[in-house]
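Examining the three-dimensional arrangement
Here's the letter readout for the chains.
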Amino acid sequence: MASVELEPAVSSSPPSSRGGVARAIFASLLRTISLILTIMLAVTVGVWSSRFMIARGSPLSTDTYGPWQQWRSIGRESADPYTKAHIVTTGKLRISADSAGIFEARTDSQGARLHSSCNYIVEGANMRGLWWSLAVFDARGNLISNDADRYEFTADTIAPSPNGSFVVTLGRDARPGNWLPTSGAGRLVLVLTVLDPATGLSSEERAERNRHLPVITREGCS
């Protein structure tokens, strides 16, 4: 009986060809993963930056004067989308920028974050007959509860200096004079509101007002 010799099967693709296919697949996977990661990073950065611009503003929507920040188009029909979104998210009814200057400070004049563990002196120039108010809030925008029931000073309630300037102190412990208590609120936000006169202000008068906003000096922390 004749014997039949079986030859081993030979692959139709050489090893080098199979290696090239594997490398191509691996490279394709890397490109896909890189694309996905890039898209995820772009979306994350976009969402974060949008939220930051809505909450804190940017040069596109706000003006800065030392430690004070002003949303320049707040309350106006022509307000940009970030300003409108800021009003919606805060849930606060703000006076139009056409009728008042509303300025917020989260740092002192040296750039350090305002905090209730520190004492501050706020020195303001004579507002020259303009009505104004100065109030302190916590980081969430709430008035700070205190036994003295003292939350703000205005042009009517402040005890000014003879030349019309004023000094307000911030701190946890009671002080004589124009003192605003901060209790244990943590991070603080100062809000200065300056109403325009009935006749309004010219651009030059607004610029002059904004150049003389109060100076915020930290005394010490505990």
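Going by the structure above, here's the rest.
Small disclaimer: the values here were computed from a predicted structure and weren't measured.

**Focus on the environment of T193**
Tracing the backbone through its elements, the reader meets T193 in strand β9 (residues 188-195). For T193, a relative accessible area of 13% gives the class buried. Along the backbone, T193 and W131 are 62 residues apart, and their C-alpha atoms lie at a distance of 8.4 Å. When neighbours within four sequence positions are excluded, T193 is seen to be in contact with I95, A100, G101, I102, W131, W132 and S133.

**A word on helix α3 (residues 203-210)**
R206, R209 and N210 are the residues of α3 that are buried. Burial along α3 is one-sided: seen end-on, the buried residues are contained in an arc of 95 degrees. Residues of α3 that are buried in the fold lie against β1 (62-65), β2 (68-71), β3 (100-105) and β9.

**Quick look at a nonpolar patch on the surface**
On the surface, V21, I25, L29, I33, I36, L37 and M40 cluster together to form a nonpolar patch covering roughly 680 Å² of accessible area. Tracing the backbone shows I33 in helix α1 (residues 15-56). On the basis of relative accessible area, I33 is assigned to the partly exposed category, the value being 46%.

**Focus: the pattern of salt bridges**
Any two side chains of opposite charge can pair if their charged atoms end up close together. A full pass over the atoms with the stated rule returns 5 salt bridges. A salt bridge links E104 to R106; the shortest N-O distance between them is 3.2 Å. R106 shares its class with E104; the two are buried. In this structure, the salt-bridge partner of R209 is D196, at a minimum N-O distance of 3.1 Å. Residue R209 is found in helix α3, and its partner D196 is found in the loop between β9 and α3; the two are separated by 13 residues along the sequence. Taking the relative accessible area as the measure of exposure, D196 reaches 12% and is therefore buried. In this structure, a network of salt bridges that share partners links the residues D196, R206 and R209.

**Things to note about the side chain of S165**
Within the secondary structure, S165 is located in the loop between β6 (152-154) and β7 (166-171). Looking at S165, its side chain comes within polar contact range of the side chain of N163, at 2.7 Å. The contacts of S165, once residues within four sequence positions are left out, are G124, A125, N126 and P160.

**Brief notes about the environment of G141**
As for its placement among the helices and strands, G141 is situated in the loop between β5 (132-138) and β6. The exposure class of G141 is buried, given its relative accessible area of 19%. Sequence separation between G141 and V191 is 50 residues, and the spatial gap between their C-alpha atoms is 9.8 Å.

**As for the nonpolar core**
With 25 residues, the main nonpolar core has W68, W132, L134, V168, L190, L192 and I216 as its most contacted residues. Considering each element in turn, this core owes the most residues, 4 residues, to β9. Leave out the neighbours within four places in its chain, and W132 touches M127, F153, T154, A155, I158, F166, L192, T193 and V194. Judged by nonpolar contacts, the second largest core, of 5 residues, contains I102, A135, F137 and V189.

**A word on the packing of aromatic side chains**
Tallied over the entire structure, the rule returns 2 aromatic pairs. Ring geometry for Y65 against F103: centres 6.1 Å apart, planes inclined by 75 degrees, an arrangement best described as edge-to-face. Pair noted here: Y65 is in strand β1 and F103 is in strand β3, with a separation of 38 residues, a long-range link. Residue Y65 is classed as partly exposed on the basis of its relative accessible area, which comes to 24%. You can call F103 buried: its relative accessible area is 0%.

What counts and what doesn't
Residues numbered from 1 in each chain as written. Predicted model: local features only at pLDDT ≥ 70, side-chain atom pairs only at ≥ 80, totals over all residues. Heavy atoms only, no water. Helix = DSSP H or I, 4+ residues; strand = E, 2+ residues; numbered from the N terminus. Buried < 20%, exposed > 50% of the residue type's maximum accessible area, 1.4 Å probe, protein only. Contact = heavy atoms within 4.5 Å. Arc of directions from axis to C-beta. Patch = residues over 30% accessible without salt bridge, like charges linked within 9 Å, V, L, I, M, F, W, Y side chains within 5 Å. Areas by Shrake-Rupley, 256 points an atom, 1.4 Å probe, with all protein chains shown as cover. Salt bridge = Lys/Arg side-chain N within 4 Å of Asp/Glu carboxyl O. Polar contact = N/O pair within 3.5 Å; in protein donor to acceptor, adjacent residues only side chain to side chain. Core = buried A, V, L, I, M, F, W, Y, C linked by side-chain atoms within 4.5 Å. Phe/Tyr/Trp six-rings, centres within 6.5 Å; stacked < 30°, edge-to-face > 60°.

Any functional reading would require information beyond the geometric quantities listed.
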